[in-house]
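# Commentary on secondary and tertiary structure
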Amino acid sequence: MKITGAESLIMEVLWAADRPVSAEEIKAALTGEDWNEATVRTFLTRLVKKKAASQTKDGRRFLYRPLVKRGDYVHAESKGLVDRLFGGQIGPFFAHFAQRENLTDEEIAELKRLVEELSNGR
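Everything numeric here is computed off the predicted structure, so don't read it as measured data.

Below, the discussion takes up the packing of helix α4 (residues 70-86) against helix α5 (residues 90-100). Closest axis-to-axis distance for the α4/α5 pair is 9 Å, and the angle between their directions is 90°. In terms of their interaxial angle, α4 and α5 are classed as roughly perpendicular. Contact residues: Leu-81, Val-82 and Phe-86 in α4; Ile-90, Pro-92, Phe-93 and His-96 in α5. In terms of residue class, the contact of α4 with α5 is made up of 6 nonpolar, 1 polar and no charged.

Direction vectors running N to C along helix α1 (residues 5-16) and helix α3 (residues 37-49) enclose 90°, while the axes themselves pass 10 Å from each other. For the element pair α1 / α3, the angle class is roughly perpendicular. Judged by residue contacts, Ala-6, Glu-7, Ile-10 and Met-11 of α1 engage Val-40, Phe-43, Leu-44, Arg-46 and Leu-47 from α3. Considered class by class, the residues forming the contact of α1 with α3 number 7 nonpolar, no polar and 2 charged.

Counting residues in hydrophobic clusters, the biggest one holds 20 residues, and the most contacted among them are Ile-10, Ile-26 and Val-40. Broken down by element, the residue count for this core peaks at 5 residues, all from α1. Setting aside residues no more than four positions away along its own chain, Ile-26 makes contact with Ile-10, Val-13, Leu-14, Val-21, Val-40 and Leu-44.

Mapping Ala-29 onto the fold places it in helix α2 (residues 23-29). A relative accessible area of 40% means that Ala-29 is categorised as partly exposed.

Before going further, it helps to examine a negative patch on the surface. A contiguous patch of negative charge, built from Glu-101, Asp-105, Glu-106 and Glu-107, is present on the exposed surface. The residue Asp-105 is located in helix α6 (residues 105-120) in this model. Asp-105 gets classed as exposed once you look at its relative accessible area, which sits at 65%.

Here the focus is α1. For α1, built from 12 residues, the straight-helix expectation of 16 Å at 1.5 Å per residue is met to within 8% by its first-to-last C-alpha distance of 17 Å. Of the surrounding elements, those touching the buried residues of α1 are β1 (21-22), α2, α3, β2 (53-58), β3 (61-66) and α4.

Before going further, it helps to examine a nonpolar patch on the surface. Taken together, the side chains of Ile-90, Phe-94, Leu-111 and Leu-114 define a hydrophobic patch exposed on the protein surface, amounting to about 330 Å² of accessible area. For the nonpolar patch, the secondary-structure elements that each account for two or more residues are α5 and α6. Examined against the element boundaries, Leu-111 turns out to sit in helix α6. Classification of Leu-111 by relative accessible area gives partly exposed; the value is 34%.

Across the sheet, which stays open at both edges, the 3 strands sit in the order β1-β3-β2 with antiparallel pairing between neighbours. The open sheet terminates on both sides in strands that have one partner only, identified here as β1 and β2. Bridge analysis of β2 against β3 gives 6 bridges, and the strand direction is antiparallel. By the bridge assignment for β3, Thr-56 is matched with Leu-63. Packed onto the sheet, α3 meets β2 and β3 and runs at close to 115° relative to β2.

The rules we used
- Residues numbered from 1 in each chain as written.
- Predicted model: local features only at pLDDT ≥ 70, side-chain atom pairs only at ≥ 80, totals over all residues.
- Heavy atoms only, no water.
- Axes fitted to C-alpha atoms, helices over the stretch in contact; angles between N-to-C directions.
- Helix = DSSP H or I, 4+ residues; strand = E, 2+ residues; numbered from the N terminus.
- Parallel < 35°, antiparallel > 145°, perpendicular 65-115°, else oblique.
- Contact = heavy atoms within 4.5 Å.
- Nonpolar A, V, L, I, M, F, W, Y, C, P; charged D, E, K, R; others polar.
- Core = buried A, V, L, I, M, F, W, Y, C linked by side-chain atoms within 4.5 Å.
- Buried < 20%, exposed > 50% of the residue type's maximum accessible area, 1.4 Å probe, protein only.
- Patch = residues over 30% accessible without salt bridge, like charges linked within 9 Å, V, L, I, M, F, W, Y side chains within 5 Å.
- Areas by Shrake-Rupley, 256 points an atom, 1.4 Å probe, with all protein chains shown as cover.
- Salt bridge = Lys/Arg side-chain N within 4 Å of Asp/Glu carboxyl O.
- Lys, Arg positive; Asp, Glu negative; His and termini not counted.
- Charge placed at Lys NZ, Arg CZ, Asp CG, Glu CD.
- Expected span 1.5 Å × (residues − 1).
- Pairing = 2+ DSSP bridges.

In short, geometric facts, not functional conclusions.
Right, dumping it as structure tokens:
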């Protein structure tokens, strides 16, 4: 399933909520975004059609909740990127990223810790 950038903003609201939420609540949570409620509803309809979210009737309104876990979505998107741009090889991906970014000492230490943790876990 392909979720667009705008749809992912709505999904972030759904993932952050600990309960089903209305389109009005989603619009209010999209601070800094200049969306009207009709636009939010359009994206919600698309997400429901993609089976990324569900809707249930609650009186005169619909409530929405995610059907896809955030971790599963992030994994699929990340894997797709690595597969598409680096032939499925994670090493060249990290090398490319590390060469292009100004990693802090803390970030480098965290990467080393993660690699060590992965090595010890096998």
